[in-house]
Amino acid sequence: MELQLALDLVNIPEAIELVKEVEEHIDIIEIGTPVVINEGLHAVKAVKKAFPNLKVLADLKIMDAAGYEVMKASEAGADIVTILGTAEDMSIKGAVEEAKKKGKKILVDMIAVKDLAGRAKEVDAMGVDYICVHTGYDLQAVGKNSFEDLQTIKGVVKNAKTAIAGGIKLDTLPEVIKVQPDLVIVGGGITGQADKKAAAAKMQKMINQG
Ligand SMILES: O=C([C@H](O)CO)[C@H](O)[C@H](O)COP(=O)(O)O
C-alpha cells in the first residue's frame, strides 16, 4: 500500500515547502486540480525537479483531448496522470496509449460514476493502471465518503491497482486499510494538521502495518 499526498490549496513555493516537511513519509506527490488550474503544468515541473526521487501525479481529471493532455503532463514530468471514469472510452483508451508510449501511468478517478461496479470492470479492461474511488469536496461537505465504494471496486477489478481519495483522516484510515487498497490518497488529513510531519508519519506507519 502506498501513500499519496494531495496538494490542492497551495501555490508552487508552498507546495515545495510542504513536501519538504513530509517527504520521507510519502510515496507520491499529487499536484491537485486547483493547483494545476492556478499554476498550470509548471507546478508539476517545479515539484518533480525539487523531488526527483518521489513520484508525481498530475490530477488533471481529463475529460477530453486525453492523448494530448497526457503527453503535456508527461513532458512536464508527471509519472501518473488522472482521467475521469465518466470520460468516453475513446478518451480513456487514448490516455492509456499515450501513457504507455511515455512510460507513464493512468489513474481513473471514478468521481460521480453512477454504475461503479460496471464502469470499474470496463475501465479495468482498457488497461488503466489505477482505479480510484473518490468523494470530492462537494460531497464531503454533506458527510459522504467512499469506504463502501472501495469494497465495490475491490470486488470487481482484476488488473488495475485500487485507490481511494476524499476526506481520509487519521481516525478513518483504519477503516480504509481494512479494505486493502493499493493506494491511499490524503490531502487535508495531512496538509490541514498543525504537525504535518507527525500526521504523515503516523499514517505511513499504519499503512505499513497493513
Ligand atoms: O482530488 C481532490 C479534490 O477533487 C480537489 O481537487 C483531492 O485531492 C482529494 O479529494 C484528496 O484531498 P482530501 O479530500 O483533502 O483528502
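Rules of the game
- Residues numbered from 1 in each chain as written.
- Predicted model: local features only at pLDDT ≥ 70, side-chain atom pairs only at ≥ 80, totals over all residues.
- Heavy atoms only, no water.
- UniProt positions renumbered as here; feature names shortened; annotations may be inferred.
- Helix = DSSP H or I, 4+ residues; strand = E, 2+ residues; numbered from the N terminus.
- Core = buried A, V, L, I, M, F, W, Y, C linked by side-chain atoms within 4.5 Å.
- Buried < 20%, exposed > 50% of the residue type's maximum accessible area, 1.4 Å probe, protein only.
- Contact = heavy atoms within 4.5 Å.
- Near = heavy atom within 4 Å.
- Polar contact = N/O pair within 3.5 Å; in protein donor to acceptor, adjacent residues only side chain to side chain.
- Areas by Shrake-Rupley, 256 points an atom, 1.4 Å probe, with all protein chains shown as cover.
- Salt bridge = Lys/Arg side-chain N within 4 Å of Asp/Glu carboxyl O.
- Pairing = 2+ DSSP bridges.
- Axes fitted to C-alpha atoms, helices over the stretch in contact; angles between N-to-C directions.

A. Structural view of the UniProt feature "domain: Orotidine 5'-phosphate decarboxylase" (unreviewed entry) in the protein chain. As annotated in UniProt, the feature "domain: Orotidine 5'-phosphate decarboxylase" (unreviewed entry) corresponds to residues 2–203 in the numbering used here. Across residues 2–203, the secondary structure splits into 47% helix and 21% strand, with the terminal C-alpha atoms separated by 10 Å.

B. Local environment of the nonpolar core. If you look at the biggest cluster of nonpolar residues, it comprises 65 residues, and the most contacted ones within it are Ile29, Ile31, Ile83 and Ile106. Among the elements that take part in this core, helix 1 (residues 12–22) stands out by supplying six residues, more than any other. Apart from the residues lying within four places of it in its own chain, the contact partners of Ile83 are Lys61, Ile62, Ala66, Ser91, Ile92, Ala95, Ile106, Leu107, Val108 and Asp109. Among the nonpolar cores identified, the runner-up in size contains 11 residues, and Ile28, Leu107, Cys132 and Ala163 belong to it.

C. Representation of the site of the ligand in the model. Around the ligand, 15 residues are found, and the nearest of them are Asp8, Gln140, Gly167, Gly187 and Gly188. A distance of 2.7 Å separates an oxygen atom of the ligand from a polar side-chain atom of Asp8. Here Asp59 contributes a side-chain N or O atom positioned 3.3 Å from an oxygen atom of the ligand. For the ligand, the protein covers 92% of the area, taking 400 Å² as the surface of the free molecule. Looking at the shell around the ligand, the elements with two or more residues in it are helix 2 (33–39), strand 3 (55–62) and helix 7 (137–140).

D. Examining the pattern of salt bridges more closely. Counted under the stated rule, the structure contains 10 salt bridges. The salt bridge partner of Lys48 is Asp79, with a shortest N-O separation of 2.9 Å. In this pair, Lys48 sits in helix 3 (residues 42–50) while Asp79 sits in the loop between helix 4 (66–76) and strand 4 (80–84), placing the two residues 31 residues apart along the sequence. Like Asp79, Lys48 is buried. Put simply, Glu122 and Arg119 hold a salt bridge, and the shortest N to O gap is 2.7 Å. You can see Glu122 and its partner Arg119 sitting in helix 6 (residues 116–125), three residues apart, about one turn around the helix. Given the relative accessible area of 12%, Arg119 is considered buried. Through salt bridges with shared partners, a single network forms among Asp89, Arg119 and Glu122.

E. Summary view of the sheet that holds strand 2 (residues 28–31). Taken in spatial order, the eight strands line up as 1-2-3-4-5-6-7-8 and close into a barrel, and their pairing is parallel. With strand direction ignored, the average angle separating the axes of adjacent strands in the sheet is 25°. Both strand 1 (residues 2–7) and strand 8 (residues 183–186) contribute to a ladder of four bridges, which runs parallel. Note on strand 8: the bridge partner recorded for Glu2 is Leu183. This element, helix 11 (residues 196–209), spans strand 1 and strand 8 of the sheet and lies at about 150° to strand 1.

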